[in-house]
Amino acid sequence: MKKNGFIFDLDGVIVDTAKYHYLAWKNLANKLGFEFTEEQNELFKGVSRKRCLDILLQIGGVTATQKQFDHWMGEKNKEYLQYIENMDASEILSDVPKVLHFLKEKNIQMAVGSASKNARPILEKVGLISYFNTIIDGNNVTKAKPDPEVFLLAAQELGVRPQECVVFEDAVAGIQAAKNASMTSIGIGDAKILAEANYNFRDFTEISLDFLNAVIYE
Ligand code: BG6
Ligand code: MG
């Protein structure tokens, strides 16, 4: 079936912000007296801020009052916002603009489907916001990936059926969300971790325009 909609996750797909999320969570963990590894951080990809703190506290064996919980969530976001404050186009992952440009020329509808509540300011800072027909982010959804809500909402806004959509994702939960939405998924990152994806690439430099054409018309 011809693919008319392409949906991009943001963190770890369009921009390398996954490292900033990790640093901010790691510093919070250290402040609370425990370690947080990059391996554990895989569980945080595609996962909402609140759910991430739930998992972090579980890892550290820390119990929190509601007030502490809200405070720590705020602290993490404050630090994250400092990291992204001066972001510019240099933080766009390699060859992402090439792919966006190619799809735009083909009149493909494009969306961002992200769990982050900071998606819009980031897209503005790096100068890519105008490529997208719609942005569905953590402010628009009630159910987190692997629930398909974010991608189904994006498809609806684009006016395309889910089966006509292709999703780029770097998170296990995101690949599962695409699958749950009956969409084609392309995993960006470690193929072993993202084994459930329909296609896998280390990054966008490995994606050829021929491949994109084949996916559109498959
Ligand atoms: C996702 C990231 O895109 O957004 C997660 O992969 C992050 O790691 C989530 O927790 C929420 O982001 P934010 O910016 O709303 O804290
Ligand atoms: Mg991501």
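**Looking at the coordination of the magnesium ion (ligand 2)**
Point 1. The coordination sphere of the magnesium ion (ligand 2), as far as protein atoms go, consists of Asp9 (OD), Asp11 (O) and Asp170 (OD), spread over 2.0 to 2.2 Å.
Point 2. Written as a sequence motif, the donor residues of the magnesium ion (ligand 2) are D-x1-D-x158-D. Take aspartate 9 and aspartate 11: they sit in the same class, and that class is buried.

**Structural notes on the domain arrangement of the protein chain**
Point 1. One can read the domain layout of the protein chain as domain 1 (5–16 + 89–216) and domain 2 (18–84).
Point 2. Centre-to-centre, using C-alpha coordinates, domain 1 lies 24 Å away from domain 2.
Point 3. Taken together, the contact between domain 1 and domain 2 spans 14 residues of the former and twelve residues of the latter.
Point 4. Around 1200 Å² of area is buried between domain 1 and domain 2 when both sides are counted, 50% of it from carbon and sulfur atoms.
Point 5. Viewed at the interface, domain 2 and domain 1 are joined by one salt bridge.

**Some remarks on the packing of helix α3 (residues 49–60) against helix α4 (residues 66–84)**
Point 1. Running from amino to carboxyl end, α3 crosses α4 at an angle of 110°, the nearest separation of the two axes being 10 Å. Taken as axis vectors, α3 and α4 run roughly perpendicular relative to one another. Along this stretch, α3 crosses α4, giving a crossing that reads as right-handed. Together, Arg49, Lys50, Leu53, Asp54 and Leu57 of α3 and Phe69, Trp72, Met73 and Asn77 of α4 make up the contact between the two elements.
Point 2. Across the contact of α3 with α4, the residue classes break down as five nonpolar, one polar and three charged.

**A few points about the nonpolar core**
Point 1. Phe6, Phe8, Ile14, Phe132 and Phe168 are the most contacted members of the largest nonpolar core, which totals 39 residues.
Point 2. When residues of this core are assigned to their parent elements, the largest contribution, five residues, is made by helix α5 (residues 96–105).
Point 3. When residues of this core are sorted by domain, at least three fall in each of domain 1 (5–16 + 89–216) and domain 2 (18–84).
Point 4. Sequence-distant contacts of isoleucine 14, defined by excluding residues within four places in its chain, comprise Phe8, Asp9, Glu91, Ile92, Leu93, Val96, Val112, Leu123, Leu128 and Phe132.

**Observations regarding the pattern of salt bridges**
Point 1. A complete count under the given rule lists 13 salt bridges for this structure.
Point 2. The residue lysine 50 makes a salt bridge to aspartate 54 at a minimum N-O spacing of 3.9 Å. One end of the pair, lysine 50, and the other, aspartate 54, are both in helix α3, four residues apart, so they sit about a helical turn from each other.
Point 3. Under the relative-accessibility criterion, lysine 50 is labelled partly exposed at 48%.
Point 4. With relative accessibility at 30%, the residue aspartate 54 sits in the partly exposed group.
Point 5. Salt-bridge contacts for glutamate 196 lead to lysine 179; the nearest nitrogen and oxygen are separated by 3.6 Å. Pair noted here: glutamate 196 is in the loop between β5 (184–188) and β6 (199–201) and lysine 179 is in helix α8 (residues 172–180), with a separation of 17 residues, a long-range link.
Point 6. By sharing partners, the salt bridges in this structure join Asp9, Lys145 and Glu169 into a single network.

What counts and what doesn't
Residues numbered from 1 in each chain as written. Chains lettered and ligands numbered in written order. Predicted model: local features only at pLDDT ≥ 70, side-chain atom pairs only at ≥ 80, totals over all residues. Heavy atoms only, no water. Donors = N, O, S within 2.8 Å, 3.2 Å for Na, K, Ca; no water. Buried < 20%, exposed > 50% of the residue type's maximum accessible area, 1.4 Å probe, protein only. Domains from an automatic or database assignment. Contact = heavy atoms within 4.5 Å. Buried area = accessible area lost by both parts, 1.4 Å probe. Salt bridge = Lys/Arg side-chain N within 4 Å of Asp/Glu carboxyl O. Axes fitted to C-alpha atoms, helices over the stretch in contact; angles between N-to-C directions. Helix = DSSP H or I, 4+ residues; strand = E, 2+ residues; numbered from the N terminus. Parallel < 35°, antiparallel > 145°, perpendicular 65-115°, else oblique. Left-handed = near helix turned anticlockwise from the far one by under 90°. Nonpolar A, V, L, I, M, F, W, Y, C, P; charged D, E, K, R; others polar. Core = buried A, V, L, I, M, F, W, Y, C linked by side-chain atoms within 4.5 Å.

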